[in-house]
Amino acid sequence: MLIVCECFSTKQREFNARIGAVRAQTTATASPAVNRSAPEGKKTLRQGCVVVTGASSGLGLATAKALAETGKWHVIMACRDFLKAERAAKSAGMAKGSYTVMHLDLASLDSVRQFVESFRRSGRPLDVLVCNAAVYQPTAKEPTFTADGFELSVGTNHLGHFLLSRLLMDDLQKSDYPSKRLIIVGSITGNTNTLAGNVPPKANLGDMRGLAGGLNGLNSSAMIDGGDFDGAKAYKDSKVCNMLTMQEFHRRYHEETGITFASLYPGCIATTGLFREHIPLFRLLFPPFQKYITKGYVSEDEAGKRLAQVAADPSLTKSGVYWSWNKDSASFENQLSQEASDADKARKVWEVSEKLVGLA
Ligand SMILES: NC(=O)c1ccc[n+]([C@@H]2O[C@H](COP(=O)([O-])OP(=O)(O)OC[C@H]3O[C@@H](n4cnc5c(N)ncnc54)[C@H](OP(=O)(O)O)[C@@H]3O)[C@@H](O)[C@H]2O)c1
């Protein structure tokens, strides 16, 4: 145990040197993932395996790069566009052999199941899963739907990831890695206890009648709360589901499995493809507005380092936490809004979602 802790603190220093200092906490357990055949009796950790969804651009790509270049992680880039992901990895300068691109379309439950099968066939262990991919349709007038008929934003960002992480729990539990993690990327925009979260339309799951009805826009609303379709709200609602799901995972599994469940707001990465469907004027003005007015802007590189910390830094092992960063880029445990931390809503999102994805 002590040796592994020492190994972790050395790793922590190396990690912090590479990707920036973070607040210290401690947790580590002895594990066969420690390679005892290293020279001079030194114990080293085997290379970890991390799956990052939506690693073909923006935050996911920057995170994949930050983890891969430590040499301590093999990154599975779980992406819907194989060629785009390969090109992105190359142009980001990721070393061949440090990553594998595997096909995953979160807007299809069949594709999620196929990804899990392919991942298992690869024979790699699963040590960390990062649920990062998302779509945002702020200007859509009408809803569009996933292959299974769910409104696209909630279907992709929440239901696709919900099925993926539920199926991969078995694999995470089997891993012998000392710090196994499931990270689900959240957002300030789903938190109505913030200024950004109060910009209309605000997130609100209501009584979840639309979710219970399957979000299909036919015999139920395409919106979780049963209201009229609003693409920006659908995205914010999906992020509330992401943050509630992380907490429900924590309540159900942390004590029994030791897996760390966490979420985060990486900062406003105003330049990513997330805003691709916004009007051109918005895309032009949003980055300088975030840089010079709100000062909430972070670069893709910096945000990638933050998510990499939450995924792998030995000092960020606390479970059930929603991480944020202050102006000095130091991490802290942030408060979620009342709705995004409502345990009854989290249980209901979990129970309804497992019916929708065919787990119950
Ligand atoms: N940008 C911000 O300011 C900000 C702030 C807070 C939180 N976030 C969160 O950060 C995460 C990443 O967003 P980003 O800003 O990096 O946006 P991005 O550059 O658009 O990246 C989104 C990724 O998700 C992938 N994706 C979309 N639909 C998918 C599907 N059906 N199956 C598989 N992958 C799919 C995209 O793939 P393609 O490359 O094929 O399109 C892309 O790789 C999201 O969870 C977002 O909510 C972002």
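Keep in mind that this is a model prediction, so the values were computed, not measured.

> What should I look at first to understand helix H8 (residues 280–294) in this one?
Helical geometry: 3.6 residues make up each α-helical turn, so side chains three or four residues apart lie on a common side. Taking 1.5 Å of rise per residue, the 15 residues of H8 would be expected to cover 21 Å, and the 20 Å separating its terminal C-alpha atoms lies within 8% of that figure. The sharpest bend along H8 reaches about 30 degrees and sits at Pro 288. Along H8, only zero of the 15 residues are buried, which leaves the element largely exposed. Lys 295 sits one or two positions beyond H8 and adopts a positive phi of about 60 degrees.

> Honestly, the packing of helix H4 (residues 109–121) against helix H5 (residues 152–174) in this entry has me stumped. Any pointers?
Relative orientation and spacing of two packed helices are given, respectively, by the angle between their axes and the distance between those axes. The interhelical angle for the contact between H4 and H5, taken along N-to-C directions, is 25 degrees, at an axis separation of 10 Å. The angle between H4 and H5 falls in the class roughly parallel. When the axes of H4 and H5 are compared, the crossing they make is right-handed. Taking contact as the criterion, the partners of Leu 109, Val 112 and Val 116 in H4 are, on H5, Gly 160, Leu 163, Leu 164, Leu 167 and Leu 168. Along the lines of polarity and charge, the residues of the contact of H4 with H5 split into seven nonpolar, one polar and no charged.

> Is there a simple way to think about the sheet that holds strand E3 (residues 48–53) in this case?
Backbone hydrogen bonds hold the strands of a sheet together, and the pairing may be parallel or antiparallel. Strands sit in the order E5-E4-E3-E6-E7-E8-E9-E10 across an open sheet of eight strands; the sheet is mixed. The strands lining the two open edges of the sheet, one partner per strand, are strand E5 (99–103) and strand E10 (331–333). Neighbour-to-neighbour, the strand axes of the sheet open up by a mean angle of 25 degrees, direction not taken into account. In the sheet, strand E7 (residues 181–185) pairs with strand E8 (residues 260–264) via five bridges, with the strands oriented parallel.

> Can you help me understand the site of the ligand in this one?
The local shell around the ligand holds 30 residues, among which Gly 54, Gly 58, Ala 133, Thr 272 and Gly 273 are the closest. With three residues, helix H2 (residues 58–68) is the single largest residue contributor to the shell around the ligand. Among the residues making up the shell around the ligand, the classes are represented as 15 nonpolar, 11 polar and four charged.

> Help me understand unusual backbone geometry in this model?
The phi angle of most residues is negative, glycine excepted, and most peptide bonds adopt the trans form. Cis geometry is found at the peptide bond from Pro 200 to Pro 201, where omega equals -5 degrees. For Pro 201, the position within the fold is in the loop between E7 and helix H6 (209–212). Phi at Leu 215 takes a positive value of approximately 55 degrees, unusual for a residue other than glycine. Tracing the chain through its elements places Leu 215 in the loop between H6 and helix H7 (231–257). Among the residues examined, Leu 215 registers 29 C-beta atoms within 10 Å and is labelled buried. Here the phi dihedral of Lys 295 falls at roughly 60 degrees; this positive angle occurs in a residue that is not glycine. Secondary-structure assignment places Lys 295 in the loop between H8 and helix H9 (300–312).

> When you look at the environment of Glu 86 in this model, what are you seeing that I'm missing?
Position of Glu 86 among the secondary structure elements: in helix H3 (residues 82–91). On the basis of neighbour count, Glu 86 is assigned to the partly exposed category, with 16 C-beta atoms found within 10 Å. Taking the C-alpha atoms as reference points, Glu 86 and Val 101, 15 residues apart in sequence, are found 6.8 Å from one another.

> Mind showing me how you'd approach H3 here?
Restricting attention to buried positions, one finds in H3 the residues Ala 85, Ala 88 and Ala 89. The buried side chains of H3 occupy one side of the element, clustering within an arc of 100 degrees when seen end-on. Of the exposed residues in H3, those oriented more than 90 degrees away from the buried face are Leu 83, Arg 87, Lys 90 and Ser 91. If you follow the buried residues of H3, they end up packed against H2, strand E4 (73–79) and E5. One or two residues past the end of H3 sits Gly 93, with phi positive at roughly 80 degrees.

Rules of the game
- Residues numbered from 1 in each chain as written.
- Predicted model: local features only at pLDDT ≥ 70, side-chain atom pairs only at ≥ 80, totals over all residues.
- Helix = DSSP H or I, 4+ residues; strand = E, 2+ residues; numbered from the N terminus.
- Expected span 1.5 Å × (residues − 1).
- Bend = angle between axes of the 7 residues up to and from the residue.
- Buried ≥ 20, exposed ≤ 12 C-beta atoms within 10 Å, placed from the backbone.
- Axes fitted to C-alpha atoms, helices over the stretch in contact; angles between N-to-C directions.
- Parallel < 35°, antiparallel > 145°, perpendicular 65-115°, else oblique.
- Left-handed = near helix turned anticlockwise from the far one by under 90°.
- Contact = placed C-beta atoms within 7 Å.
- Nonpolar A, V, L, I, M, F, W, Y, C, P; charged D, E, K, R; others polar.
- Pairing = 2+ DSSP bridges.
- Near = placed C-beta within 6 Å.
- Arc of directions from axis to C-beta.

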